[in-house]
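# Architecture and fold: a report
Listed here are the chains, written in short residue letters.
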Amino acid sequence: MQSKWTAPANIALIKYWGKQAVQIPANPSLSMTLSRARTVTEVKVGNGKPGSWSYTYAGQPKPGFEPKLVAFFDRIRDLLPLISKHELQINSENNFPHSSGISSSASFHASLALCLMDLNQQLGYSDLNETAFRQQSSAIARLGSGSAARSVYGSWVVWGQSELSGSNNQYAIPFPDTVHPIFDRYRDAVLIVSSEAKPLSSTAGHALMDTNPFAPTRYEQARNHLKQLIQVMTTGDITRFIDIVEQEAMSLHGLIMNSRGGTILMKPHTLELISRIRRYRSETGSSLCFTLDAGPNVHLLYPDQEKEPIRSFIRSECLQFCENEKWLDDYIGNGAERIN
Ligand code: DP6
């Protein structure tokens, strides 16, 4: 018996940064699911010792990865009988380069959660309809990595309690309102400033918020930003969209810098790219804006209809600030899928 799923990466516009036990976000977040950057995970039920499991990446053992998986399995053991009753063999592989500077944590945990939920169901330990199956898979993914809760769904996704109907802290939901057509075909070009491993893990980063004096203000800001972005998503007001998205990126990095024990994740080239993006926008009236993850790489967000001029801008003005001129050309996608 086996199950194989592919799940995409996602990029947050309203950032999840700060949490309570167990994996409950301090504020709601909103993301765009990508299309190309994906993880494929396969889980096989073996005949070995019940409760044991093994993990390989592209067929090769990855001992460095095991402590995080041990913690994940401890959290979900009571939720999925499959885990204590069978031996599981897990293999995963990312289709984006290992050293691309893109975190695979969300796409990995989402695809793994879907495989485990699927096998749990195949073995008769649960009998959920498609909606409940996705919701529980998102909740399980969250226990591996918070942002993974969002990679279960496609397009625009919300995770965390907010005024949006159905939103909650346990699992993510597809953005419930109709979005303006400009947001139907959005793109994300990831400019790889550095592919080095992050000096600050997300888990350590979230923990810095526990003692950050600006934390309460930040959580209020995120809620206000989401409230405004909900409106913008329906009206298509790009000027406000840009303003909110860029403020979110700057707030995230501001918090990373001003936390006790914090650090600087942006590089000089990150700043150079940001100023070039802003200059390009003011000179051309483009809808291009940027966001940042907890790292130095710059995500360029823009509507599909501006693809050609923005590609020229990337080639002529941005690639010289990327590591080996590397960038990923991605776009909005449909979310996790089963592979037969
Ligand atoms: C900056 O989901 O990686 O990307 O729950 O500890 O695994 P853990 O954290 P993680 O944090 C993501 C932080 C972020 C913003 C976001 O994706 O919302």
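Source: prediction; values computed, not measured. (Residues numbered from 1 in each chain as written. Predicted model: local features only at pLDDT ≥ 70, side-chain atom pairs only at ≥ 80, totals over all residues. Heavy atoms only, no water.)

## Re the site of the ligand
- Taken together, 16 residues lie around the ligand, and Y16, S145, G146, S147 and R150 are the ones closest in.
- Within the side chain of S145, a nitrogen or oxygen atom sits 2.7 Å from an oxygen atom of the ligand.
- A distance of 3.3 Å is found between an oxygen atom of the ligand and a side-chain nitrogen or oxygen belonging to T203.
- Alone, the ligand offers 460 Å² of accessible surface; in the complex the protein occludes 94% of this.
- The element contributing the most residues to the shell around the ligand is helix α5 (residues 202–208), with 3 residues.
- In terms of residue class, the shell around the ligand is built from 5 nonpolar, 7 polar and 4 charged. (Near = heavy atom within 4 Å. Polar contact = N/O pair within 3.5 Å; in protein donor to acceptor, adjacent residues only side chain to side chain. Areas by Shrake-Rupley, 256 points an atom, 1.4 Å probe, with all protein chains shown as cover. Helix = DSSP H or I, 4+ residues; strand = E, 2+ residues; numbered from the N terminus. Nonpolar A, V, L, I, M, F, W, Y, C, P; charged D, E, K, R; others polar.)

## A closer look at the sheet that holds strand β11 (residues 289–292)
- The strand order across the open sheet built from 4 strands is β11-β12-β10-β13, with neighbouring strands paired in antiparallel fashion. Both outer strands of the open sheet, β11 and β13 (327–331), are each paired with one neighbouring strand and no more. Neighbour to neighbour, the strand axes of the sheet diverge by 25° on average, direction disregarded.
- Relative to strand β12 (residues 298–303), strand β10 (residues 186–191) is paired through 6 bridges, and the arrangement is antiparallel. (Pairing = 2+ DSSP bridges. Axes fitted to C-alpha atoms, helices over the stretch in contact; angles between N-to-C directions.)

## A few points about helix α4 (residues 130–144)
- In this model, α4 (15 residues) spans 21 Å end to end at C-alpha, consistent with the 21 Å of a helix rising 1.5 Å per residue.
- Within α4, the full set of buried residues consists of F133, R134, S137, S138, A139, I140, A141, R142, L143 and G144.
- The inward-facing, buried residues of α4 abut β1 (2–14), β3 (24–25), α1 (66–76), α3 (105–122), β8 (156–159) and β9 (172–174). (Expected span 1.5 Å × (residues − 1). Buried < 20%, exposed > 50% of the residue type's maximum accessible area, 1.4 Å probe, protein only. Contact = heavy atoms within 4.5 Å.)

## Description of the confidence of the model for the protein
- When pLDDT is averaged along the protein, the result is 97, and 100% of the positions lie at 70 or above.
- Of all the helices and strands in the protein, α5 carries the lowest mean pLDDT, 95, while β9 carries the highest, 99. (pLDDT = per-residue confidence, 0-100.)

## So, the packing of aromatic side chains
- In total, this model carries 13 aromatic pairs according to the counting rule given.
- With a centroid separation of 4.7 Å and an interplanar angle of 75°, the aromatic rings of Y16 and W159 are classed as edge-to-face. Within this pair, whereas Y16 is found in the loop between β1 and β2 (19–20), its partner W159 is found in strand β8, the two being separated by 143 residues in sequence. When sorted by exposure, Y16 lands in the same class as W159, which is buried.
- Considering the side-chain rings of W53 and F73, the 4.9 Å spacing of their centres and the 20° angle between planes classify their relative orientation as stacked. (Phe/Tyr/Trp six-rings, centres within 6.5 Å; stacked < 30°, edge-to-face > 60°.)

## Thoughts on the environment of P181
- Locating P181 in the fold gives a position in the loop between β9 and β10.
- With a relative accessible area of 57%, P181 lands in the exposed category.
- C-alpha of P181 to C-alpha of L271: the two residues are 90 residues apart in sequence and 31 Å apart in space.

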